[in-house]
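# Examining the three-dimensional arrangement
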Amino acid sequence: MVALSGEIKEIFTKTKVMPMATASKSGVPNVAPMASIQLVADDTVWIMDNYMQKTLENLKENPVVALYFYDQGTKRCFQIKGSTEVRTSGPDYEKFRDQVRTKGHHYPAKSLIIIRITDVFECTPGKEAGKKVL
Ligand SMILES: Cc1cc2nc3c(=O)[nH]c(=O)nc-3n(C[C@H](O)[C@H](O)[C@H](O)COP(=O)(O)O)c2cc1C
């Protein structure tokens, strides 16, 4: 696992919506916007499954994910890859469910997706593009 820090962490935490990419076991890709995202530790992200369909199916058969986040001000962009775990009960699930529901009581909060960050890459256009940074 790798830990976010400095500018990467700052940009991550201020990003409101991130595209979340998954793939089926046979390699069919899928991407969907996610906003119920929290960096709970420098190496761990929580995302709430409110309305996931293909995303959740993919995670069950191929538990890896990619996200990217982009800062309009600095034009910096980073990609994160991670391994995932899906939880539908327990203290972490309940904590995040309650937190998400304070923002909107209608949110189904079906499951907690725990992402353990394994890699970070630069996606800022230019000579650093694609470089593994963590
Ligand atoms: C701005 C925005 C934020 C969203 N945030 C979430 C989220 O945090 N969790 C969630 O489950 N769905 C969220 N959605 C809805 C999913 O992106 C949507 O249900 C999508 O169909 C999921 O992809 P899938 O059906 O391929 O799994 C969001 C949608 C938008 C437009």
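These lines cover the structure that appears in this document, whether it is placed above or below.

Basis of the calculations
- Residues numbered from 1 in each chain as written.
- Predicted model: local features only at pLDDT ≥ 70, side-chain atom pairs only at ≥ 80, totals over all residues.
- Pairing = 2+ DSSP bridges.
- Helix = DSSP H or I, 4+ residues; strand = E, 2+ residues; numbered from the N terminus.
- Axes fitted to C-alpha atoms, helices over the stretch in contact; angles between N-to-C directions.
- Contact = placed C-beta atoms within 7 Å.
- Near = placed C-beta within 6 Å.
- Nonpolar A, V, L, I, M, F, W, Y, C, P; charged D, E, K, R; others polar.
- Buried ≥ 20, exposed ≤ 12 C-beta atoms within 10 Å, placed from the backbone.

Moving on to the sheet that holds strand β2 (residues 29-34). With antiparallel pairing, seven strands are arranged side by side in an open sheet as β2-β1-β5-β6-β7-β4-β3. With one partner strand each, in any of the chains shown, β2 and β3 (37-41) form the two edges of the open sheet. Averaged over all pairs of adjacent strands, the angle between their axes in this sheet comes to 30 degrees, without regard to strand direction. Summarising the sheet, strand β1 (residues 18-23) and strand β5 (residues 64-70) pair through two bridges and their orientation is antiparallel. Its bridge partner being in β5, A21 is matched across the sheet by A66. The strands touched by helix α2 (residues 54-61) within the sheet are β1, β2, β4 (44-49), β6 (77-87) and β7 (111-122), with β1 carrying the most contacts at an inclination of about 50 degrees.

The next subject is the site of the ligand. The environment of the ligand is made up of 15 residues, and the closest members are A32, S36, Y51, Q53 and T55. At the level of secondary structure, the elements contributing two or more residues to the shell around the ligand comprise β2, β4 and α2. When residues in the shell around the ligand are grouped by element, the largest group, four residues, is from β2. Among the residues forming the shell around the ligand, the class breakdown is eight nonpolar, five polar and two charged.

Mapping A3 onto the fold places it in the segment before α1 (6-14). When the 13 C-beta atoms within 10 Å are taken as the criterion, A3 is described as partly exposed. Apart from the residues within four sequence positions on either side, A3 is in contact with D42 and D43.

With that settled, consider the pairing of β1. Burial along β1 is one-sided: the residues M18, M20 and T22 are buried and none of P19, A21 and A23 is. Here β1 pairs with β2 via six bridges, running antiparallel. Each residue of the ladder has a partner; that of M18, found in β2, is M34. Connecting β1 to the next strand, β2, in antiparallel fashion are five residues, including G27 with a positive phi near 100 degrees.

The subject of this paragraph is the pairing of β4. With five of its six residues buried, β4 lies for the most part within the structure. The pairing of β3 with β4 spans four bridges and is classified as antiparallel. Each residue of the ladder has a partner; that of A41, found in β4, is T44. The hairpin turn running from β3 into β4, its antiparallel successor, is two residues long. Sheet topology note: the β4/β7 ladder contains six bridges and is antiparallel.

Before going further, it helps to spend a moment on unusual backbone geometry. Notably, K75 is not glycine yet its phi reads approximately 70 degrees, a positive angle. Position of K75 among the secondary structure elements: in the loop between β5 and β6. Its 10 C-beta neighbours within 10 Å are what place K75 among the exposed residues. Positioned with a positive phi, A109 is a non-glycine residue whose angle comes to about 45 degrees. Within the secondary structure layout, A109 lies in the loop between α3 (91-103) and β7.

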